Amino acid sequence: MNLNSLRGSAAIAGVATFGCGEAHGFSEMEVLARSAHAAVADAGLKMSDIDGLCTASVGSTMWSMPVVEYLGIRPTFVDGTMVGGSSFIAHLLPAMHALQSGQCKAVLVCYGSTQRTSTFGRGEIAKARRWMDPQPYETPYEPFSPPSAYALATSRHMHQYGTTRRDLAEVAVAARAWAGLNPEAFMREPLSIEDVLNARMISDPLSVRDCCLVTDGGGAYVLVRSDRAKDLRQKPVYVLGNGTAVWNRQISAMQDLTVTAATQSGKEAYAMAGLGAKDMDVVQLYDAFTINTLLFLEDLGFCAKGEAGAFVRDGGIAPGGHLPVNTNGGGLSCVHPGMYGIFALIEAVRQLRGECGDRQVKGAQTAIAHGNGGTLSSQSTAVLGTADTL
């Protein structure tokens, strides 16, 4: 089947989040289930209508099975692919194939994490990963990862292209400005360039304000065939293109620390959609660190390689700038419960529905949602559009 024939064949019919920030008293499964039930209801469906499931977890390799059990569903399509934070955007294309073939009729994609309030949090997961997910060329040196890995990429970009810490700070400040317009965002207090530059250093040249949040949160969306989506409760948001690429696991295995697999995933998503960067009204990027936003703006074609620093200066991607990027506040200021990709996609959908209130991008018809996994290891890009783009 030609991928272009899948363009617009499926639509996101429901989205929801739950427990973003701090979800005291909830388990990982419970925040997942709350967001899943809310997304299904948002689509005007019942959980008994769900016959496809895509999910992934940092802590469990067989996560799809307890999720099926907990939700009480009997899916005919299951995808538990785990490629880090990009997983929930990477799940789109397999789900579209399953819907188009008739294998299933409604796919639930869901995620939940309580890494902020759980007693088994990010630190414990990192220790366990040393044994369960060894990285032979890095683990023996006990790096402070992921920050040190991204600091390495940052240092290289600065050396090669003259990018400055002030350029990185522009990314953090823009994200916080968007978060100030989003009631759901975890950190909404004003943030200045100087605040970022003077913040506590985490891994040189990244300060604490260059690093994503550590929060709880659940997110979910429901994907159905386009012909069915027209009859459901919400305005459909169509999947026009999707691409996923993995080039490495360890950052030390990257051929070029300034070029990511987003160059491949973006190219594939654009080709399927028949659109390009110049056609995107809204941009949602996985900003685990400020360098991510710069790298992905370049690799996804919004500016040339090495020019992202100049691209974001003077509020270029902040409210009122020339390109709206991470309009919910992103992983830097809105929510980041271990894996952020699903939240980038949910924000893109909400923007195309026109339901974002003070942060709404007027007249948005197209959006890109991009996920990143590992340490610049996996990349997945989705191009979404309203009915007018079909």
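Up top is the structure.
In this report, we go over the structure that sits alongside the text.

The rules behind these values
Residues numbered from 1 in each chain as written. Predicted model: local features only at pLDDT ≥ 70, side-chain atom pairs only at ≥ 80, totals over all residues. Heavy atoms only, no water. Helix = DSSP H or I, 4+ residues; strand = E, 2+ residues; numbered from the N terminus. Rg over C-alpha atoms; globule rule 2.2 N^0.38 Å. Buried < 20%, exposed > 50% of the residue type's maximum accessible area, 1.4 Å probe, protein only. Contact = heavy atoms within 4.5 Å. Pairing = 2+ DSSP bridges. Expected span 1.5 Å × (residues − 1). Axes fitted to C-alpha atoms, helices over the stretch in contact; angles between N-to-C directions. Core = buried A, V, L, I, M, F, W, Y, C linked by side-chain atoms within 4.5 Å. Phe/Tyr/Trp six-rings, centres within 6.5 Å; stacked < 30°, edge-to-face > 60°. Salt bridge = Lys/Arg side-chain N within 4 Å of Asp/Glu carboxyl O.

1. Topic: the overall build of the chain
A tally of helices and strands in the chain yields 14 helices and 11 strands. In terms of overall size, the chain behaves like a compact globule, its C-alpha atoms giving a radius of gyration of 19 Å where 390 residues would be expected to give roughly 21 Å. In terms of principal-axis extent, the alpha carbons of the chain reach across some 50 × 45 × 40 Å. Counting across all 390 residues of the chain, residues that qualify as buried make up 60%. The contacts in the chain between residues at least 6 apart in sequence include a share of 78% that link residues at least 24 apart.

2. Some words on the pairing of strand E9 (residues 282-285)
Here E9 shows two buried faces, one formed by Val-282 and Gln-284 and the other by Val-283 and Leu-285. Relative to strand E10 (residues 366-373), E9 is paired through 4 bridges, and the arrangement is parallel. Across the sheet, residue Val-282 finds its bridge partner in E10, namely Ala-367.

3. Some points on helix H7 (residues 165-179)
For H7, built from 15 residues, the straight-helix expectation of 21 Å at 1.5 Å per residue is met to within 8% by its first-to-last C-alpha distance of 21 Å. Counting buried residues in H7 gives 12 out of 15 residues, a clear majority hidden from the surface. Where H7 is concerned, the buried positions are Asp-167, Leu-168, Ala-169, Glu-170, Val-171, Ala-172, Val-173, Ala-174, Ala-175, Arg-176, Trp-178 and Ala-179. As for H7, its buried residues are in contact with helix H6 (147-161), helix H8 (193-197), strand E6 (206-207), helix H11 (290-299), helix H12 (308-312) and helix H13 (330-333).

4. Some thoughts on the sheet that holds strand E7 (residues 216-225)
Strand order in the open sheet made by the 9 strands is E3-E2-E4-E7-E1-E8-E11-E10-E9, with mixed pairing throughout. The two strands at the open ends of the sheet, each matched to only one other strand, are strand E3 (77-79) and E9. Each strand of the sheet is rotated relative to its neighbour by a mean of 20°, with strand direction disregarded. Pairing geometry for strand E1 (residues 10-21) and E7, over 9 bridges, is antiparallel. Across the sheet, the residue bridging to Ala-16 is Ala-220, located in E7. Docked against the sheet, helix H10 (residues 262-273) engages strand E8 (237-246), E10 and strand E11 (378-385), running at close to 150° with respect to E8.

5. Observations concerning the pairing of E1
Taking burial as the measure, the 12 residues of E1 include 11 buried ones, the bulk of the element. With 2 bridges joining them, E1 and E8 adopt antiparallel strand pairing. Bridging across to E8, Ile-12 finds its partner in Val-237.

6. A short note on the nonpolar core
The biggest cluster of nonpolar side chains holds 119 residues, and the ones touching the most others in it are Leu-108, Leu-223, Leu-297, Phe-302 and Leu-384. The leading source of residues in this core is helix H14 (residues 341-353), at 8 residues. Those residues within four positions of Phe-302 in sequence are excluded, and the remaining contacts are Tyr-270, Ala-277, Met-280, Val-283, Leu-297, Phe-311, Leu-323 and Ile-368. Formed by 6 residues, the second largest nonpolar core is a distinct cluster that contains Ala-169, Ala-172, Leu-191 and Ile-193.

7. Considerations on the packing of aromatic side chains
Throughout the structure, instances matching the rule amount to 5 aromatic pairs. Taking 5.1 Å as the distance between ring centres and 75° as the angle between the ring planes, the aromatic pair formed by Phe-18 and Phe-26 counts as edge-to-face. The rings of Tyr-286, Tyr-340 and Phe-343 are connected pair by pair, giving a single aromatic cluster.

8. Overview of the pattern of salt bridges
Think of it this way: side chains of opposite charge can pair up when their charged atoms draw near. A full pass over the atoms with the stated rule returns 12 salt bridges. Close ionic contact of Arg-313 with Asp-167 constitutes a salt bridge, the shortest N to O distance being 2.7 Å. Remark: Asp-167 occurs in helix H7 and Arg-313 occurs in the loop between H12 and H13; sequence separation between them is 146 residues. In this structure, the salt-bridge partner of Glu-189 is Arg-176, at a minimum N-O distance of 4.0 Å. In this pair, Glu-189 is assigned in the loop between H7 and H8 and Arg-176 in helix H7, connecting sequence segments 13 residues apart. Among the residues examined, Arg-176 registers a relative accessible area of 5% and is labelled buried.

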